[in-house]
Amino acid sequence: MINTFTKILKEELVSAAGCTEPIAIALCSAKCAELLEEEVKSIEINVSGNMIKNAKGVTIPGTKDLVGLEYSAILGMLVKKSERSLEVLNGLDEETIKEAKKIYDKKICKVKRKDTDIKLYIEIIMKGENNEAEVEISYHHTNFSVLKKNGKAIFHNPCESEMLIENITDRSELSVKNIIKYAEEVNVEDIKETLGRQLEYNVKIAEEGLTNKYGLTSGKIIYDMSDGMLREEMKGLAASGSDARMSGCDLPVVINSGSGNQGITIGASLSRYFEHKKVSEEDQYRVLAVANLIAIHIKSKIGRLSAFCGVVSASIGVGTAMTYIESKDIEKIENTVKNGVANLTGVICDGAKCSCAIKIASSLDAGITAHYLGMKDKVVGHGIGIINGDVEETIDNLVEIATESMVLTDEKIFNIMLRN
């Protein structure tokens, strides 16, 4: 179990520059352009509804003001650096941005919603004078499932679910009890680099959001009004990171479950907690392991993209990790999870955009409240709402709502966003 959970952390906590959905489109496009090997005459972008939702309204990093799926694909096509993975657009220069605007004005891109049950799906087809290339990414932001040139498959690895992808470590052992056991027993040297990078990167972008004006500056406003209150500083710092990231800041972040906002929610908020509580370096890594794995545990069951806001899972992770370090009592820890589920289930994801920062602040407030109640042995009891006496069944109830009941919610969100 120890090695498995360490592998999961290393798989999930990777660096990315910019919101992961437009970056995944750029990555797919970069790979497609590399295959085509000639000037691109047309680009067809076929994506799932969730990809449209999460790539439509967020500023592409390093561009200051470019937004949308077409620009993501054009920039990826121009840079042709798929080996950089989710940092494919790092270091964009003014010449590339100007060229992207010229190509955009030629209207060579067409975006279509793909009729697919896969929430995270991208298919890009490029045509040149003599050749045609096709690249597909599915389930995970970096999972190339199809590569074709002139109709001939160069690579074909379709998968039936997110959990059947090659090289993805099995998540079936994840549970609240096992996560706490892991945090207690793991050699912190084995996770220090991964979790240390999360603190470094995500605090840096949060501080950037506090220093400069990005988006709604909601994080900065909350932080400036905190009056030294730990709870408010945690919320403000994390929200500031999202303000910067959603508004085109090109600083990289360490993501959680495919989401930079989830990674920022955990890393930035807990950095302030560590400072206030004077948590030792070793305990910091154990706390971060709990927070990240709780979020991964929930999101692994829901999936990368859904109608359910992912920062809810991350915030439950933060509250649970706080209870873990302040009390090793497993009942208090499980009660924190239940309280978080009771409060936050049903928060919708209406795409990646500047207002994500507000949801981070609200979700963290609820996660911290769940921690306060758990520490006082207060818990929403069995049979009240969707809460079960067993914490894992409670999580499964949340997952059932997110993956089944909120499907219609997703459709409504798509329709509203597309008509606005």
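Residues numbered from 1 in each chain as written. Predicted model: local features only at pLDDT ≥ 70, side-chain atom pairs only at ≥ 80, totals over all residues. Heavy atoms only, no water.

Caption draft 1: Broad picture of the overall build of the protein chain. Secondary structure assignment for the protein chain yields 16 helices and eight strands. By the compact-globule yardstick of 22 Å for 420 residues, the protein chain fits well, its C-alpha radius of gyration being 21 Å. C-alpha extents for the protein chain along the principal axes are approximately 70 × 45 × 45 Å. In the protein chain, which comprises 420 residues, the share counted as buried stands at 59%. Put simply, of all contacts in the protein chain between residues at least 6 apart along the chain, 77% involve residues at least 24 apart. Only carbon and sulfur atoms are counted for the fraction: they give 47% of the accessible area of the protein chain, which is about 17,000 Å². Treating the 51 positive side-chain charges of the protein chain as one cloud and the 62 negative ones as another, the clouds have centres 4 Å apart. (Helix = DSSP H or I, 4+ residues; strand = E, 2+ residues; numbered from the N terminus. Rg over C-alpha atoms; globule rule 2.2 N^0.38 Å. Buried < 20%, exposed > 50% of the residue type's maximum accessible area, 1.4 Å probe, protein only. Contact = heavy atoms within 4.5 Å. Areas by Shrake-Rupley, 256 points an atom, 1.4 Å probe, with all protein chains shown as cover. Lys, Arg positive; Asp, Glu negative; His and termini not counted. Charge placed at Lys NZ, Arg CZ, Asp CG, Glu CD.)

Caption draft 2: The sheet that holds strand β2 (residues 42–47), seen in detail. Strands sit in the order β3-β2-β4-β5-β6-β7 across an open sheet of six strands; the sheet is mixed. The sheet is open, and its two edges are formed by β3 (109–113) and β7 (152–156), each paired on a single side. Direction aside, neighbouring strands of the sheet carry axes that sit 15 degrees apart on average. Of the strands in this sheet, β4 (121–127), β5 (132–138), β6 (144–149) and β7 are in contact with helix α2 (residues 20–36), which crosses β5 at around 150 degrees. (Pairing = 2+ DSSP bridges. Axes fitted to C-alpha atoms, helices over the stretch in contact; angles between N-to-C directions.)

Caption draft 3: Representation of the packing of aromatic side chains. Enumeration according to the criterion identifies three aromatic pairs in this entry. When the centroid spacing of 4.3 Å and the interplanar angle of 10 degrees are considered together, the rings of Tyr71 and Tyr104 count as stacked. Of the two residues, Tyr71 is situated in helix α4 (residues 69–79) and Tyr104 in helix α5 (residues 94–105); the sequence distance between them amounts to 33 residues. Classification of Tyr71 as buried rests on a relative accessible area of 10%. When the ring centre of Phe144 is taken as origin, the NZ or CZ atom of Lys31, which lies over that ring, is 5.4 Å away. Here the guanidinium or amino end of Lys328 rests over the ring plane of Tyr324, the centre of that ring lying 4.8 Å away. (Phe/Tyr/Trp six-rings, centres within 6.5 Å; stacked < 30°, edge-to-face > 60°. Lys NZ or Arg CZ within 6 Å of the ring centre and 35° of its normal.)

Caption draft 4: Spotlight on the nonpolar core. Residues Ile43, Ile124 and Leu270 are the most contacted members of the largest nonpolar core, which totals 122 residues. Sort the elements by how many residues they give to this core and helix α11 (residues 281–302) lands first, with twelve residues. Non-local contacts of Ile124, meaning those with residues more than four positions away in its chain, are made with Ile25, Cys28, Ser29, Cys32, Ile43, Glu44, Ile45, Ala73, Ala133, Glu134 and Val135. Formed by five residues, the second largest nonpolar core is a distinct cluster that contains Val58, Met246, Ala352 and Cys356. (Core = buried A, V, L, I, M, F, W, Y, C linked by side-chain atoms within 4.5 Å.)

Caption draft 5: Main features of a negative patch on the surface. A contiguous patch of negative charge on the surface is contributed by Asp93, Glu94, Glu95 and Glu99. For Glu95, the position within the fold is in helix α5. (Patch = residues over 30% accessible without salt bridge, like charges linked within 9 Å, V, L, I, M, F, W, Y side chains within 5 Å. Salt bridge = Lys/Arg side-chain N within 4 Å of Asp/Glu carboxyl O.)

Caption draft 6: Representation of the packing of α2 against α4 in the model. α4 packs onto α2 with a crossing angle of 40 degrees between their chain directions and a minimal axis gap of 7 Å. The angle between α2 and α4 falls in the class oblique. Crossing of α2 against α4: the hand is right-handed. Across the interface between the two elements, Pro22, Ile25, Ala26, Ser29, Ala30 and Ala33 from α2 touch Leu69, Ser72, Ala73, Gly76 and Met77 from α4. Among the residues forming the contact of α2 with α4, the class breakdown is eight nonpolar, three polar and no charged. (Parallel < 35°, antiparallel > 145°, perpendicular 65-115°, else oblique. Left-handed = near helix turned anticlockwise from the far one by under 90°. Nonpolar A, V, L, I, M, F, W, Y, C, P; charged D, E, K, R; others polar.)

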